[in-house]
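# Structural description and commentary
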Amino acid sequence: MAQATRSRPSSSYDTRDLFRKDRNFHIHPWNDYPSAAERGCLVIAEGDGAYVSDSSGKQYIDGIGGLWCVNVGYGREEIAQAMADQARRLSFYNTFVDTTHPPAAELSAKLARIAPAHLNHVAFSGSGSAANETAIRLIHNYFNRLGQPSKKLVLSRWQSYHGSTYLTAALSGKPEDRVLFDSAYGLVHHLSAPDVYRRPNDQTVEAFCDDLVDELERKILELGPENVAAFIAEPVLGSGGVLVPPKGYHVRMQEVCRRYDVLTISDEVVTGFGRLGHMLCSEEMFGLEPDVIVCAKGITSGYAPLGATLFSDGILEVLRAPNGENEFLSHGFTWSGHPICCAAALANIEILERERILEHVRAVGPYFEEQLATLLDLPIVGDVRGSHFMLCVENVADKATKDLFSEDVEVGNRIADECQERGLIVRPMGHLNVLSPPLILTRAQIDSLVSILRESIVATMDGLTRDGHFRNKAGIARID
Ligand code: PLP
């Protein structure tokens, strides 16, 4: 059996006690109460490089980088030291109105250097959700100042994920996340996801792309361009299924937006800081000139919570012009530009640059894609997709029809469980398994990861056959 091989950590934890405390008192994001009550949680206690270990000392390749986050890997002394030094020097000061501190000022300048030339102004926050919310609030403020107060609606895409605040949950487009939740839905209109694998059967990718672009233009005209403020999109749609759009899609969508004075927001919360081999991929990979780029997660490699919303010179010119009324731009958070988080980001960016991690991702990413694609010979692997260190396997009951297993089969969970047993963490999302490991993964570690995943999918198929979801091991026939 393929296994992730690393030595065990020395620390010891009382797992049962941790289970109990967690189950009784902790509301998790996307809490799954029945499963937590029955199985408890995996208590991840330590991390080192591309590996994490649980409270019993078992080690895993962290195939998900914490949650699309830990780009430079775990246990970076340099980041820990930068945070500790900053905590000693100045643990916190607010950045409201007319105070700042060195880490916020330094990081602002660094981000302006990293970002496309026209994006030189950054608003900090504490998360990706707050950073997206900041984008929308300031864009609304921008149009109000321009005397166009009707321009408020935001266009987003089904299957997208932009956050979990009231507004960003409305931007997000995963139907399953809306059940029994309310949101600011009236403000947001959704377009089709650029899901190439699930495009209509008889359509070429080019024709599919034409349709998506037409849909955007039709939607703007239907709502009235005078009412549409912005279009938000992840360059590669992440949590909704790692969807790489058709070639030319983003540039064409941007052209339509420009035609109707609709601002574009590129949500790089996942793609930013190296996951696709660039600090920011909007311009360098997709040729975009977004009005706003949103970052979080990899900006600190998950060492501290930080969101950053980068605005264009054009937007700032309007936001900072005297308006004769309230001169404050009344938006921001206590933690905006928290010094310890900014210090972590500066140290993280320094590592990404000095160790040439972006070059590593560009060199090794295609190898990762190729190796993962070898899984396509398995009967339930319908699609393998993604880019560089942002990848996904789509499991299907029938490769010819692309039919899914019924939900109660929980195919993604089963595969993730098998992987976990063999020392690999992958993220199950319905019928998908998603991979977003630390960017330092070597070719040899990629080989181990893919080999564990293959064994786990085969073991899952065996289980499905036993449970009657397949008639035979070839896995083509389906029983619902
Ligand atoms: N935007 C994207 C593309 C994301 O994937 C996420 C989280 O996964 C968010 C925004 C929200 O970030 P946070 O969970 O830090 O609020």
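So, how was this worked out
Residues numbered from 1 in each chain as written. Predicted model: local features only at pLDDT ≥ 70, side-chain atom pairs only at ≥ 80, totals over all residues. Heavy atoms only, no water. Pairing = 2+ DSSP bridges. Helix = DSSP H or I, 4+ residues; strand = E, 2+ residues; numbered from the N terminus. Expected span 1.5 Å × (residues − 1). Axes fitted to C-alpha atoms, helices over the stretch in contact; angles between N-to-C directions. Contact = heavy atoms within 4.5 Å. Right-handed = clockwise from strand over helix to strand, strands pointing away. Patch = residues over 30% accessible without salt bridge, like charges linked within 9 Å, V, L, I, M, F, W, Y side chains within 5 Å. Areas by Shrake-Rupley, 256 points an atom, 1.4 Å probe, with all protein chains shown as cover. Salt bridge = Lys/Arg side-chain N within 4 Å of Asp/Glu carboxyl O. Near = heavy atom within 4 Å. Polar contact = N/O pair within 3.5 Å; in protein donor to acceptor, adjacent residues only side chain to side chain. Nonpolar A, V, L, I, M, F, W, Y, C, P; charged D, E, K, R; others polar. Phe/Tyr/Trp six-rings, centres within 6.5 Å; stacked < 30°, edge-to-face > 60°. Buried < 20%, exposed > 50% of the residue type's maximum accessible area, 1.4 Å probe, protein only. Lys NZ or Arg CZ within 6 Å of the ring centre and 35° of its normal. Core = buried A, V, L, I, M, F, W, Y, C linked by side-chain atoms within 4.5 Å. Parallel < 35°, antiparallel > 145°, perpendicular 65-115°, else oblique. Left-handed = near helix turned anticlockwise from the far one by under 90°. Lys, Arg positive; Asp, Glu negative; His and termini not counted. Charge placed at Lys NZ, Arg CZ, Asp CG, Glu CD. Domains from an automatic or database assignment. Buried area = accessible area lost by both parts, 1.4 Å probe.

### Examining the sheet that holds strand E13 (residues 424-425)
The 4 strands are arranged E1-E2-E3-E13 in an open sheet whose pairing can be described as mixed. Because the sheet does not close on itself, it has two edges, and the strands there are strand E1 (44-48) and E13. Direction of pairing for E1 relative to strand E2 (residues 51-54): antiparallel, over a ladder of 4 bridges. Bridge pairing in E2 links Ile 44 to Asp 54.

### With respect to helix H15 (residues 443-466)
With 24 residues, H15 should reach 34 Å at 1.5 Å per residue; the first-to-last C-alpha distance of 35 Å fits that figure. Positive backbone phi, approximately 85°, marks Gly 468, located one or two places after H15.

### A closer look at the sheet that holds strand E12 (residues 390-395)
The strand order E11-E12-E15-E14 describes an open sheet built from 4 strands, whose pairing is antiparallel. The strands lining the two open edges of the sheet, one partner per strand, are strand E11 (381-387) and strand E14 (427-429). For this sheet the average axis-to-axis angle between neighbouring strands, irrespective of direction, equals 20°. When E11 meets E12, the two strands line up antiparallel, connected through 6 bridges. When the sheet's bridge partners are listed, Ser 387 is paired in E12 with Met 390. Packing against the sheet, helix H13 (residues 357-373) makes contact with E11, E12 and strand E15 (432-435), and its axis sits at approximately 10° to E12. Here helix H14 (residues 411-421) sits on the sheet and contacts E12, E14 and E15; the angle it forms with E15, its principal contact strand, is near 50°.

### Concerning the pairing of strand E6 (residues 188-191)
Inspection of the sheet shows strand E5 (residues 153-157) paired to E6 by 4 bridges, in the parallel sense. Paired with Leu 155 across the bridge in E6 is His 189. This β-α-β element, E5 to helix H7 (residues 166-171) to E6, shows right-handed connectivity.

### Digging into a nonpolar patch on the surface
On the surface, Phe 96, Val 97 and Phe 328 cluster together into a nonpolar patch covering about 350 Å² of accessible area. With respect to the helices, strands and loops of the structure, Phe 96 is situated in the loop between helix H4 (77-89) and helix H5 (102-114).

### Digging into the site of the ligand
Not every one of the 13 residues close to the ligand is listed here, only the nearest: Gly 128, Ser 129, Tyr 161, Asp 267 and Lys 297. Between the ligand and Gly 128 there is a distance of 2.8 Å, counted from an oxygen atom to a backbone nitrogen or oxygen. In isolation the ligand exposes 390 Å². Once the protein is present, 84% of that is buried. Split by residue class, the shell around the ligand holds 3 nonpolar, 7 polar and 3 charged.

### Describing the packing of aromatic side chains
Describing an aromatic ring pair means giving the distance of the ring centres and the angle of the ring planes. The final tally for this structure, using the stated rule, is 4 aromatic pairs. Both rings, one in Trp 30 and one in Tyr 161, keep their centres 5.8 Å apart while their planes meet at 75°; by these two values the pair is edge-to-face. In this pair, Trp 30 is assigned in the loop between helix H1 (15-25) and helix H2 (33-39) and Tyr 161 in the loop between E5 and H7, connecting sequence segments 131 residues apart. Centre to centre, the rings of Phe 92 and Trp 335 are 5.2 Å apart; their planes meet at 90°, and the pair counts as edge-to-face. Of the two residues, Phe 92 is situated in the loop between H4 and H5 and Trp 335 in the loop between helix H11 (313-319) and helix H12 (339-354); the sequence distance between them amounts to 243 residues. Residue classification places Phe 92 among the partly exposed residues on the basis of a relative accessible area of 27%. A cation over a ring is seen here: Lys 151 above Phe 143, with NZ or CZ 5.4 Å from the ring centre. Of note, Arg 443 hangs over the ring of Tyr 367, and the distance from its end group to the ring centre comes to 5.1 Å.

### Brief notes about the nonpolar core
By size, the foremost hydrophobic cluster in this structure holds 67 residues, and its most contacted members are Leu 111, Phe 273, Leu 372, Leu 375, Leu 453 and Ile 457. At 9 residues, the largest contribution of residues to this core is made by H12. Phe 273 has contacts with Asn 71, Leu 111, Ile 114, His 278, Met 279, Leu 280, Cys 295, Gly 298, Ile 299, Ile 349, Leu 352 and Leu 439, leaving out every residue within four places of it along the chain. One finds Phe 143, Ala 170, Ile 232 and Ile 265 within the second-largest nonpolar core, a separate group that totals 27 residues.

### Re the packing of H14 against H15
For the pair H14 and H15, the least separation of the axes is 8 Å and the interaxial angle reads 125°. The angle between H14 and H15 falls in the class oblique. Of the two elements, H14 crosses H15, and the hand of that crossing is right-handed. When H14 is examined against H15, the residues Val 411, Arg 414, Ile 415, Glu 418 and Cys 419 are found in contact with a partner set consisting of Ile 452, Leu 453, Ser 456, Ile 457, Ala 459, Thr 460, Gly 463 and Leu 464. Taken together, the residues that form the contact of H14 with H15 break down as 8 nonpolar, 3 polar and 2 charged.

### Quick word on a negative patch on the surface
A contiguous patch of negative charge, built from Asp 32, Glu 176, Glu 407, Asp 408 and Glu 410, is present on the exposed surface. Summarising the element assignment, Glu 176 is placed in the loop between H7 and E6.

### Here we look at the domain arrangement of the protein
As far as domains go, the protein holds domain 1 (15-72 + 359-478) and domain 2 (78-354). One C-alpha centre belongs to domain 1, the other to domain 2, and the line joining them spans 28 Å. Across the interface of domain 1 and domain 2, roughly 2600 Å² is buried in total on both sides, 58% from carbon and sulfur atoms. Sorting the residues of domain 1 by area buried against domain 2 places Trp 68, Val 72 and Met 390 first, and these three jointly supply 27% of that buried surface. Between domain 1 and domain 2 we count 1 salt bridge in total. The partner of Glu 394 in a salt bridge is Arg 198, with the nearest N and O atoms 2.7 Å apart. Sorting the residues of the side of domain 1 that touches domain 2 by element identifies helix H3 (65-68), H13, E11, E12, E14 and E15 as the ones contributing at least two each. Classifying every residue of the side of domain 1 that touches domain 2 by side-chain character gives 18 nonpolar, 6 polar and 6 charged.

### Thoughts on the environment of Arg 20
Its location among the elements puts Arg 20 in helix H1. Assessed through its relative accessible area of 39%, Arg 20 is described here as partly exposed. When the C-alpha positions of Arg 20 and His 189 are compared, they lie 42 Å apart, and in sequence the two are 169 residues distant.

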